[in-house]
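Coordinate analysis (summary)
What follows is each chain in one-letter form.
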Amino acid sequence: MSLRFAQAMRLPAPLPHVSQVAARMLPRHLDGVLLGAAVTLSMVGALLVWSATLPPTGHAGPTVYAWRHLGHLLLALPLCLALASLTRRALRAYTPVLFVAVTVALLLVLGPLGETVNGSRSWIALGDLRVQPAETAKIALILAVAAVLGRPRPRTPRPPASDVLISLGVAAVPIGLILLQPDLGSALVLTAIYLALLACSGAPLRWPLALLGCGAFTGLAVWQLGLLKDYQVARFTAFLDPHADPLGAGYNVNQALIAVGSGGLSGSGLFHGGQTSGKFVPEQHTDFVFSVAAEELGFAGGCAVIVLLGVVLLRILRVASRCDEVHGRLVCIGVAAWFCVQVFVNIGMTLGLTPVTGLPLPFVSYGGSAAVANFAALGLVMAVHAHNEERRSPEPAGTRG
């Protein structure tokens, strides 16, 4: 029945088709290359998690971790697309709410709801559900600092000293609470994100240099005063000399290096890695998932994973370079700094180039909190991308419903 006939008969108009509703909900401009690379990484990660969590018999049957990894992807993708459809005004409006919620969550971690895993009280345990607020804190920090340092300034491109001090206070809240857990890896990522935002905001170079100097002095003082936990000292010792304690602190790195070296050029084949199937590498489905890729897919497969991660980083920086307003550009730079640091540290600790810190490989490692946070960050980047495209090709008047 046509719409005109329905109106003449005073009948309700026909409901829109499901595809029309879905088209209205989706953002008008998507970076298909960026989203495709991230989804491909997650699918590769599902295979690696599958292999890493197989029973010792090597039977290539479905495992609960691989299915959960795909479930995290199905949960994260709609959130990514929803955030990609937000306007600049909405991003700014939701920032204080998100920052307060994350701060409360970080406080709950230190309370009765917190759960200690591998020496760090970083999780909120709600029955079988465990959430790591530090992952969401990275998004909250990016949005909050970008809102402060990215305020419109018609007279000068540089943020005033007052805004820099405010941003420093904003960043100190999540970083301080995460250090109390203690989670040095996440605190390192948050600090790197803030320094990248500060350096790219137009602030004088003396600010990031002064903060780097203060950080180096504080780290030296903490080391000299013996404030680090025993397992943290052991990780740094193992990084300096992995063979000093091959069955203790250096065990993870040594086994990961054996897995990487045994992969050769083409690898031993998926589900056929000796180190992986023998469970010699601890946390091989999370922190050391790259060792699975290097052993079973070889040098070629490991390089393919790195190339896909590089595509994600380059597309984010491309969106940042095409953004003509400071706030959106800082959001993209913060996300790029986040991913870049975690990729470097995660792959570096697998190769013995960085200390073991427990940071997951973005989009590849198993973990629901990390997967949701990673795709949420991509949604923010694609929201900036959509705004860039709309400004370059303005929509004719009267086309919006």
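See the structure printed just above.
The rules behind the values
Residues numbered from 1 in each chain as written. Predicted model: local features only at pLDDT ≥ 70, side-chain atom pairs only at ≥ 80, totals over all residues. Heavy atoms only, no water. Salt bridge = Lys/Arg side-chain N within 4 Å of Asp/Glu carboxyl O. Helix = DSSP H or I, 4+ residues; strand = E, 2+ residues; numbered from the N terminus. Buried < 20%, exposed > 50% of the residue type's maximum accessible area, 1.4 Å probe, protein only. Pairing = 2+ DSSP bridges.

**Focus on the pattern of salt bridges**
Pairing is possible between side chains of opposite charge, provided their charged atoms come close. Counting across every chain of the model gives 5 salt bridges. Where Arg-130 meets Glu-115, a salt bridge forms, and the shortest distance between an N and an O atom there is 3.9 Å. Highlighted residues: Arg-130 in strand E3 (residues 129-131) and Glu-115 in strand E1 (residues 114-117), separated in sequence by 15 residues. Taking relative accessible area as the criterion, Glu-115 reaches 28% and is therefore assigned partly exposed.

**Let's talk about the pairing of strand E2 (residues 120-126)**
Of the pairings in the sheet, the one linking E1 to E2 comprises 4 bridges and is antiparallel in character. Across the sheet, the residue bridging to Val-117 is Ser-120, located in E2. In sequence, E1 turns back onto E2 through a hairpin of 2 residues, with Asn-118 there showing a positive phi of about 55 degrees. Pairing analysis gives 3 bridges linking E2 to E3, with the strands arranged antiparallel.

**A closer look at unusual backbone geometry**
Cis geometry is adopted by the peptide bond preceding Pro-182, which originates at Gln-181 and carries an omega value of -10 degrees. The topology assignment puts Pro-182 in the loop between helix H7 (161-179) and helix H8 (184-200). Unlike most non-glycine residues, Lys-279 shows phi in positive territory, near 60 degrees. Locating Lys-279 in the fold gives a position in the loop between helix H12 (274-277) and helix H13 (289-296). The partly exposed category is assigned to Lys-279, whose relative accessible area is 32%. Of note, the phi angle at Phe-363 is positive, near 70 degrees, even though the residue is not glycine. One can find Phe-363 in the loop between helix H15 (326-350) and helix H16 (368-392).

**A look at H13**
Within H13, 8 of the 8 residues are buried, which leaves the element mostly enclosed by the surrounding structure. Listed as buried for H13 are Val-289, Phe-290, Ser-291, Val-292, Ala-293, Ala-294, Glu-295 and Glu-296. Positive phi appears at Gly-298, one or two residues downstream of H13, with a value of about 75 degrees.

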